[in-house]
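Coordinates in review
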Amino acid sequence: HFVVIPYFVHFLPNPATTVFQTMTLSTRQAEEVLTLDTPATMSPIESTNPLLRSWHSEPFHLPPFKSIEPGHFIPAFEVAMKSHLSDLQTIATSPDNTFDSILGAYDQAGSLLSRISSVYGNYTSSLNTPEMQEVQTKMAPILSRHNSSTYDVPGLFEKIEAMNDVREEMLAKGEWTAEQARLAERVYVKFVRMGAKLDDVAKAEYADIQAELASKQTKFMQNVLKDEEEWELVLTAEDMIGCPTDVIAAARQAALDRNKTEPSDAHVITLGRSMVEPFLSYASRRDLRQKVFEAFSKRGELSPDRDNKKIAIETLRLRRRQAEIHNKNSFADYQFEDTMAQTPENAVKLLSDVWAKAKDAANREREMLEAFLTEQGETVEGGIQPWDWRYYAEKVRVAKFDFNENEMKPYFSLDAVTTAVFDVSSKLFGLKYTKRPDIVAYHPDVNVYEVRRDKKDGEGDELVAIFLHDNYARPYKSSGAWMSEYRTQKKNLAPGTDPIEAIPIVSNNNNFSKGSEHTLLSFDDGVTLFHEMGHGHHGMLSDATYEYLASTSVLKDFVELPSQLMEHWLSEPEVLKKHAKHYQTGEVVPDDLIKRFKSAELFNEGFATIEYTSCALLDIALHSLSEYGEDFDLGKFEKEYLEEQGMPQGIIMRHRLPHFLHLFASSSYASGYYVYMWAQVLDNDCFAAFKETGDVFDKETAERCRKCIYSTGNTVAPDLLFRMFRGRDPKVEFMLKNRGLIE
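Cut-offs applied
- Residue indices begin from 1 for each chain and proceed along its sequence in written order.
- Owing to the predicted nature of the model, reporting of local features is limited to residues with pLDDT of at least 70; listing and counting of side-chain atom pairs is limited to 80 or more, with chain, interface and lining totals taken over all residues.
- Processing note: side-chain calculations cover all non-hydrogen atoms of the structure and skip hydrogens and water entirely.
- Like-charged residues within 9 Å of one another, or nonpolar side chains (Val, Leu, Ile, Met, Phe, Trp, Tyr) within 5 Å, are grouped into patches, provided each residue has over 30% relative accessible area and no salt bridge.
- Surface accessibility follows the Shrake-Rupley procedure with a 1.4 Å probe radius. Residue values consider only the protein chains on display as shielding.
- Here, a salt bridge means any Lys or Arg side-chain nitrogen found within 4 Å of an Asp or Glu carboxyl oxygen.
- A residue counts as positive if it is Lys or Arg and as negative if it is Asp or Glu; His and the chain ends are not included.
- Charge positions come from single atoms, namely NZ of Lys, CZ of Arg, CG of Asp or CD of Glu.
- A run of DSSP states H or I qualifies as a helix once it reaches four residues; a run of E qualifies as a strand once it reaches two. Both are numbered from the N-terminal end.
- Method remark: on a 1 Å grid restricted to protein atoms, a set of points is classed as a cavity if a 1.4 Å probe fits but cannot get out and as a pocket if it is open with protein on both sides within 12 Å along at least five of seven lines; lining residues have an atom within 4 Å of a point.
- Grid points are joined across faces, edges and corners, and a volume is the space filled by probe spheres set on the points.
- The residue classification treats Ala, Val, Leu, Ile, Met, Phe, Trp, Tyr, Cys and Pro as nonpolar and Asp, Glu, Lys and Arg as charged. All others, Gly included, are polar.
- To sort residues, take the accessible area from a 1.4 Å probe on protein chains only and compare it with the maximum for the residue type: under 20% means buried, over 50% means exposed, and anything in between is partly exposed.
- DSSP calls a pair of strands paired once it identifies at least 2 bridges connecting them.
- Each axis is a line fitted through C-alpha atoms, taken for helices only over the stretch in contact, and angles between the N-to-C directions span 0 to 180 degrees.
- A contact between two residues is defined here by any heavy atoms of the two lying within 4.5 Å.
- Contacts described as polar in this section are N or O atom pairs within 3.5 Å, which, within protein, must combine one atom able to donate a hydrogen with one able to accept it, while residues neighboring in sequence count only if both atoms come from side chains.
- Nonpolar cores are built from buried Ala, Val, Leu, Ile, Met, Phe, Trp, Tyr and Cys residues. Side-chain atoms within 4.5 Å join them into one set.
- Crossings are sorted by hand: turned counterclockwise from the far helix by less than a right angle, the near helix makes the crossing left-handed, and turned clockwise it makes it right-handed.
- Two aromatic rings, drawn from Phe, Tyr or Trp (for Trp, its six-membered ring), form a pair once their centres lie within 6.5 Å of each other, and the interplanar angle then sorts them: stacked below 30 degrees, edge-to-face above 60, tilted otherwise.
- By the criterion adopted, a ring carries a charge over it if an Arg CZ or a Lys NZ lies within 6 Å of its centre and within 35 degrees of its normal.
- pLDDT is a per-residue confidence score from the predictor, ranging from 0 to 100.

A short note on a negative patch on the surface
Taken together, the side chains of Glu630, Asp631, Asp633, Glu640 and Glu644 present a region of like negative charge at the surface. Inspection of the secondary structure assignment puts aspartate 631 in the loop between helix 23 (605–623) and helix 24 (634–645).

Some details on the layout of surface pockets
Within this model, the second largest pocket holds a volume of roughly 760 Å³. Along its surface, the second largest pocket is lined by 37 residues, and Ser111, Leu112, Arg115, Thr497 and Glu501 are the ones closest to its centre. Only helix 3 (73–93), helix 4 (99–108), helix 5 (111–126) and strand 6 (482–487) provide two or more residues apiece to the lining of the second largest pocket. Take the lining of the second largest pocket: its biggest share by element is 5 residues, from helix 5. Split by residue class, the lining of the second largest pocket holds 14 nonpolar, 14 polar and 9 charged.

Side note on the pattern of salt bridges
Here the structure, examined in full by the defined rule, presents 65 salt bridges. Note that lysine 427 and glutamate 574 form a salt bridge whose closest N and O atoms lie 3.5 Å from each other. Pair noted here: lysine 427 is in helix 18 (residues 414–429) and glutamate 574 is in helix 21 (residues 573–579), with a separation of 147 residues, a long-range link. Owing to a relative accessible area of 29%, lysine 427 belongs among the partly exposed residues under this scheme. Given the relative accessible area of 41%, glutamate 574 is considered partly exposed.

Some thoughts on the sheet that holds strand 4 (residues 447–454)
Read from one edge of the open sheet, 5 strands run 3-4-5-7-6, paired in mixed fashion. Of all strands in the sheet, those with a lone pairing partner are strand 3 (432–435) and strand 6, marking the two edges. The average undirected angle you get between the axes of adjacent strands in this sheet is 30°. Bridge count for strand 5 (residues 461–472) against strand 7 (residues 505–512) is 6 bridges, and the pairing is parallel. Paired with aspartate 470 across the bridge in strand 7 is asparagine 509.

Some remarks on the environment of threonine 339
Relative to the assigned elements, threonine 339 resides in the loop between helix 14 (331–336) and helix 15 (344–376). Each C-alpha atom, one on threonine 339 and one on leucine 555, is 5.7 Å from the other, the two residues being 216 residues apart in sequence. When neighbours within four sequence positions are excluded, threonine 339 is seen to be in contact with Leu555, Lys556, Asp557 and Tyr674. Reaching out from threonine 339, the side chain makes a polar contact with the backbone nitrogen of alanine 341 at a distance of 3.4 Å.

Some thoughts on the nonpolar core
Ranked by internal contacts, the top residues of the largest apolar core, which has 129 residues, are Phe530, Trp569 and Tyr674. Take this core: its biggest share by element is 11 residues, from helix 15. Contacts of tyrosine 674, omitting those with residues within four sequence positions, involve Phe336, Thr339, Ala341, Ala347, Leu351, Asp557, Tyr612, Ala616 and Ile620. One finds Phe65, Ile68, Ile116 and Ala441 within the second-largest nonpolar core, a separate group that totals 37 residues.

A closer look at the packing of helix 18 against helix 19 (residues 523–540)
As a packed pair, helix 18 and helix 19 sit with axes 10 Å apart at the nearest point and diverge in direction by 35°. Every pair of crossing elements has a handedness; the one defined by helix 18 and helix 19 is right-handed. Contacts from Leu414, Val417, Thr418, Ala420, Val421, Phe422, Val424, Ser425 and Phe429 in helix 18 reach Gly526, Leu529, Phe530, Met533 and His537 in helix 19. Among the residues making up the contact of helix 18 with helix 19, the classes are represented as 10 nonpolar, 4 polar and no charged.

A closer look at the packing of aromatic side chains
Under the definition given, this model contains 41 aromatic pairs. A cation over an aromatic ring shows up here: arginine 193 above the ring of tyrosine 334, its NZ or CZ 4.1 Å from the ring centre. We note arginine 289 situated over the ring of tyrosine 391; from NZ or CZ to the ring centre the distance is 4.0 Å.

Topic: the confidence of the model for the protein
On average, the protein scores 92 in pLDDT, and the residues at 70 or more come to 94%. Across residues 1–43, confidence stays below pLDDT 50; counting only partners more than four residues off in sequence or on other chains, it has 180 contacts.

Things to note about empty space enclosed by the protein
Counting across every chain of the model gives 8 cavities of 30 Å³ or more. Within this model, the second largest cavity holds a volume of roughly 140 Å³. As for the second largest cavity, its lining consists of 20 residues, of which Phe293, Phe296, Glu611, Ile652 and Met653 are closest to the centre. Mapped by element, the contributors of at least two residues to the lining of the second largest cavity are helix 11 (273–282), helix 12 (286–297), helix 16 (386–401) and helix 23. Among the elements that make up the lining of the second largest cavity, the one with the highest residue count is helix 11 (4 residues). Grouping the amino acids of the lining of the second largest cavity by side-chain chemistry returns 9 nonpolar, 4 polar and 7 charged.

In structure tokens, the structure reads:
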């Protein structure tokens, strides 16, 4: 199963390097950076703004959520950016040229900005009200320009470069640790990729490009969010025929939440994936399925006032120029330079191999759907269309495998799946979760947990992390699922810092449709929850000295390994038998149902693989172009490319370009959507290590997994980490077999 998180994902700002990684970029003029309009009615900022005040009175130094308002961010950023630049200027002008005075201090620099940015980033994804969107629109280019200025502080790069030049020598002498040498390398690489070696004219242009990109990416994201907020299909109870009770209940709840009183039995379908896909799978009325599907697939182009195709093309041109400044032939070449894959060709080789096998599987699946229609004496005008595939796939699943996913849902309540993932976490890594209802978060839906584990000496336990779980879809919350952090693990604390500041605050966001009394999940929803907890473990179990290298700050084609690896435990019979209990009766899921579930597990994987792989291939092809002329047509390129690749009939891309947030709401995953497949090779191989022991909770393997996959962050190169865990390079066969693409 491909569980894909959104563009802003789990990456949060490193205080010394970024304001927010979705907003890298632009100008060297500090004065221009700080041109902000602070409301004249503001009281003295330092004493009244909760973002600037001490958080020591808050539990675990959590943000003071109940006090934070959108209007607090702009004046807080003004203060924090000045403080950040001051920190960097101190490093650059200091006569002290030791590791601690340069790289150690760089890792600590901008702590106030990091703190504010983490709250800001989470609010613009989880609570992005119209007021927050106004702040976001204004701040995007300003934060971008500040970020660019941090790479051009006079004298700073020279010190960073000097550190990188001696790292191998200092490591060989034993004067630096391997982690310190890694920090020197990674900071130097980031400076170079941000244009530190460019001449002044090129730096100025590069900064302007980055600032413009930040604004366009913000607008792209907001347009998609607006489409998802505004579009709705109001139905009657009769219109919901064919849908299971939990889908009907979720649609009814959506109508109540939106104050729909006409008709009296109103049900509302929104554009959240967790509502759309079940409706497409079960709703009997083809015309309604088509209406929902077409709206869902046209997010980002539903209104002429929100033209994401134009924004995407402008973004592509800016990225092309960005790559050209770096002497790269394409933006894809620039992006792949700092990845495990290293070149677009290496990623395309993997994707193409999977694509060929997945096409054969998907075409066989379509033939099964068509055979079912023939057996039933049914015909559908135009053949199987994208709004038909899921519907008839469920019919075939029942007919051929005697399995209906709705049979599983009563055993997959949100509470049960949450308990299951916490138990898996405990068995693998010894983590214990205690709910803290006394702690108020930014929304009533959010649960806060204290995460602890036994001390190694056996004398009591210790705090590991604070965990926020935000599971429900709602207005002003971005679609998808993601992990983020309010505070990243670290040991490199400034003198006098409270030790609690070393403890990570990790957040998982999902978008499940909230039931009126109980929220029942599909199996795929459960996989999503486990996936995000994998990212969560990457943050909670982090054990790095330097924040710059901690948690999820790894190469992007490694970052999905911890998340996708965690998915495997959900379908293990041992986990299902313990936690898959009927939400009403408490009955354990029957063995026969598990057997039928397992027999049907790989059915329709061809469809799922095509949905994903088409996106990954198109992403690289699009960003590999050398130019985007005035007549470049995004829709035409998408259509023609997919035709050339032999896109199977009845399937479209999982994310069409006008709403492809991974690509156009940030640069992080642009020409990088392949990473989910790359990581699938790694995660299937890693899980095989557990299976080979005969115990999926084998303690020795789990401890090695913790050290090599979840705790090390970017302190060691990712290819070396995999070899440390597995004793060899990865093999693709495990992934292909587990997806049913080879025998």
